[in-house]
Amino acid sequence: MTDKRNALIRTVDLKKNFNDLEVLKGISETVYQGEVVCIIGPSGGGKSTFLRCLNMLEEPTSGEVYFDDEKLDPKSTDIDRHRQKIGMVFQQFNVFPHLTVLQNITLAPTLEKKIPEEEAKQTAMKLLKQVGLEDKANEYPRKLSGGQKQRLAIVRAMAMEPEVMLFDEPTSALDPEMVKGVLEVIKDLAESGMTCVIVTHEMGFAKEVADRIIFIDEGVVAEEGNPEELFNHPKNPRTAEFLSQVL
Amino acid sequence: MGPSILDVLTEYWPLFLKGALGTLKYAAIAVAGGTLLGTLVALMRLSGNRILSTIATVYADVLRGTPLLVQMYIAYFFLPLVIPALNNVEKEVTVLIALALNSGAYVSEIIRGGINSVDAGQNEAARSLGLSATHTMTKIILPQALKNILPSLANEYISMIKETSMAGTFMLYELMYTRTILANKYLSWQPLFIIAGIYLIMTLVLTNLVKLLEKRFSVSD
Ligand SMILES: Nc1ncnc2c1ncn2[C@@H]1O[C@H](COP(=O)(O)OP(=O)(O)OP(=O)(O)O)[C@@H](O)[C@H]1O
Ligand SMILES: [Mg+2]
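Residues numbered from 1 in each chain as written. Chains lettered and ligands numbered in written order. Predicted model: local features only at pLDDT ≥ 70, side-chain atom pairs only at ≥ 80, totals over all residues. Heavy atoms only, no water.

**A short note on the overall build of chain A**
Inclusion rule: Helix and strand labels come from DSSP, where a helix needs a run of H or I of at least four residues and a strand needs a run of E of at least two; each type is numbered from the N terminus. Each radius of gyration reported is based on C-alpha atoms, and the globular scaling rule is 2.2 Å times the count of residues to the power 0.38. Here's how the labels work: a residue is buried when its accessible area is under 20% of the maximum for its type, exposed when over 50%, partly exposed in between, all with a 1.4 Å probe on protein chains only. For this analysis, residues touch if any pair of their heavy atoms sits within 4.5 Å. The accessible surface values rely on the Shrake-Rupley method and a 1.4 Å probe; as for residues, cover is taken only from the protein chains in view. Within this scheme the basic residues Lys and Arg register as positive and the acidic residues Asp and Glu register as negative, but His and the chain ends are omitted. By convention, charge coordinates are those of NZ in Lys, CZ in Arg, CG in Asp, or CD in Glu.
Looking only at helices and strands, chain A features nine helices and ten strands. Computed over C-alpha atoms, the radius of gyration of chain A comes to 18 Å, within 12% of the 18 Å expected from 2.2 N^0.38 for 247 residues, which places it in the range of a compact globule. Scored against the burial criterion, the 247 residues of chain A give a buried share of 53%. Sequence-distant contacts, at least 24 apart, represent 67% of the contacts inside chain A between residues at least 6 apart. When the accessible surface of chain A is split by element, carbon and sulfur atoms take 45% of a total near 11,500 Å². Taking the average place of the 30 positive charges on the side chains of chain A and the average place of its 41 negative ones, the gap between the two points comes to 3 Å.

Next up, the structure:
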């Protein structure tokens, strides 16, 4: 069935070293259009590094990354243009504290896509409404809770109309009572057909939204499969061990 | 002992006033020039370009590692030899160039520190939205760095007020130069206390002004 679907991101033998430390030891993966992929695995396994290689926040040591069948080359690819097609949400939110909620969202579209201010504002308000933040539009982020900041970060990325959204542990820095709201926003997004790659420690959530789970351990994909299979009948003892610790 | 400090002040206050204004002016010119230069040097250091960053590092190290007075002498006597155009302008220009070059070295450190103090996540978030490196710097990093940079710049201006006292050596009319004028009238010690007092008032007033502004800044945070 895989050949029928449209591959959006493809990595081929992707490797990444930090000095002597081999973090990614050759990852070949494909993310298809509309697919929701959750990446799980122990700390330090390379999940974040893998995600960051996809939008070139990290430059791979070797191997290839293709986006829309176009090979990314740190020297010739228009990196800014590439990143505009990929939304990224970080564990630490990274909202811009010196800009209002509304400005956080409109900045990139107006600057880099030359969307008229008014139009960008309208889009932003629509997005804010979707995540229940419309009454915060003119506040500064310091007035927001962690969960609200993360929802802002998500719609800020959405405003660029990306083809795929990357999430790196979007709820790990949140107080427990904030987690649900943020996961719901991501779930809505996933169900709307947005391609998503989500690094998460929320196994229940992964089981619920993912089309496919990738288990990354010590720089390799140790196992992957649909959630049902992987969670209930892990084939790799490492997967079983990891799941027994987190479930 | 000669006349008292008060006598000297009453008779010659216009000279001291002119000197104090000269000091404030030269310090302002030096720090303004230093800020332009320092911003450039800081961006060169952070550019990631090996050559640019080496030039900037050497510049900052040399100017911070040698005495300002030596730099002023070099600017005064040597610069006009290699830049003939400087022969046609007032001599004070070469001294001001030295002050600005010196200030630029310190300001570059202030700006570099301010930029580095902004959380790395801000840069990553901006770049991952597809913002260009330039827009990321001008719209995201610098506005946040400014909060740390401005108070330090004000402090640099305060130090520069004291540093400019050396410019009197080169006949620039700043506060310390009034000593030279009045020494010709056989007033050896009285002007020194007046001068010290004026420096103290200027720096104290400005230091407290900066503190006040810093408090304002942190409230709005
Ligand atoms: N910029 C860097 N420089 C040096 N080492 C790094 C860098 N980034 C990551 N590493 C190292 O690479 C390894 C993998 O890190 P990574 O953040 O990808 O793991 P992870 O699977 O996301 O872990 P976690 O669940 O804790 O977030 C770790 O040992 C980390 O210390
Ligand atoms: Mg991580």
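**A look at the packing of helix H1 (residues 5-46) of chain B against helix H7 (residues 133-163) of chain B**
Residues and elements named next belong to chain B. Stated precisely, the cut-off is as follows: Each axis is a line fitted through C-alpha atoms, taken for helices only over the stretch in contact, and angles between the N-to-C directions span 0 to 180 degrees. For any helix crossing, the convention is left-handed if the near helix is rotated counterclockwise from the far helix by under a right angle, and right-handed if that rotation is clockwise.
Two elements in contact, H1 and H7, have axes whose closest approach is 11 Å; the angle formed by their N-to-C orientations is 145°. The way H1 lies across H7 gives a crossing that is right-handed. Together, Thr 23, Leu 24, Ala 27, Ala 28, Ala 30, Val 31, Thr 35 and Leu 43 of H1 and Met 137, Leu 153, Glu 156, Tyr 157, Met 160 and Ile 161 of H7 make up the contact between the two elements.

**Overview of the site of ligand 1**
Residue and element names in this part refer to chain A. Here is the rule: Distances are taken per atom, and a residue is near a molecule or strand as soon as one of its heavy atoms is within 4 Å of it. Contacts described as polar in this section are N or O atom pairs within 3.5 Å, which, within protein, must combine one atom able to donate a hydrogen with one able to accept it, while residues neighboring in sequence count only if both atoms come from side chains.
Within the structure, ligand 1 sits among 13 residues, and Ser 43, Gly 44, Lys 47, Ser 48 and Thr 49 are positioned closest to it. Within the backbone of Gly 44, an N or O atom sits 2.8 Å from an oxygen atom of ligand 1. Within the complex, the protein chains bury 60% of what would otherwise be the 640 Å² of accessible surface of ligand 1. With three residues, helix H1 (residues 47-54) is the largest single contributor of residues to the shell around ligand 1.

**A short note on the state of the cysteines**
All names here are of chain A. Applicable threshold: The disulfide criterion is simple: two cysteine sulfur atoms within 2.5 Å.
Going through the model one piece at a time under the given rule, you end up with zero disulfides over all chains. Cys 38 takes part in no disulfide bond, and the closest cysteine sulfur to it belongs to Cys 196, at a distance of 8.6 Å. Here Cys 38 falls in the buried class, since its relative accessible area comes to 0%. Here Cys 53 stays free of any disulfide, with the sulfur of Cys 38 as its closest cysteine sulfur at 19 Å. Note on Cys 53: relative accessible area 1%, which makes it buried.

**Thoughts on the packing of aromatic side chains**
Residues and elements named next belong to chain B. Defined as follows: Two rings belonging to Phe, Tyr or Trp (six-membered ring only in the last case) form a pair when the distance between their centres is within 6.5 Å. Interplanar angles under 30 degrees mark stacking, angles over 60 mark edge-to-face geometry, and anything in between is tilted.
With the rule as written, the count across this model stands at seven aromatic pairs over all chains. Both rings, one in Tyr 73 and one in Phe 170, keep their centres 4.9 Å apart while their planes meet at 65°; by these two values the pair is edge-to-face. Note that Tyr 73 is positioned in helix H3 (residues 68-77) and Phe 170 in the loop between H7 and helix H8 (177-183), a separation of 97 residues in sequence. For Tyr 73, a relative accessible area of 37% corresponds to the partly exposed category.

**Examining the side chain of Thr100(A)**
Considering the arrangement of structural elements, one finds Thr100(A) in the loop between strand S6 (86-89) and helix H3 (101-112). Filtering out sequence-adjacent residues up to four positions away, Thr100(A) remains in contact with Ala137(A), Asn138(A), Glu139(A) and Tyr140(A).

**A few points about the confidence of the model for chain B**
Selection rule: You can read pLDDT as the predictor saying how much it trusts each residue, on a scale of 0 to 100.
Taken over all residues, the pLDDT of chain B has a mean of 93, while the share at 70 or more is 99%. If you check the scores for this complex, the pTM reads 0.86 and the ipTM reads 0.93.

**Focus on the side chain of Gln122(B)**
Secondary-structure assignment places Gln122(B) in helix H6 (residues 120-128). Among residues more than four places away in sequence, those in contact with Gln122(B) are Asn94(A), Val95(A), Phe96(A), Pro97(A), Ile140(B), Ile141(B) and Gln144(B).

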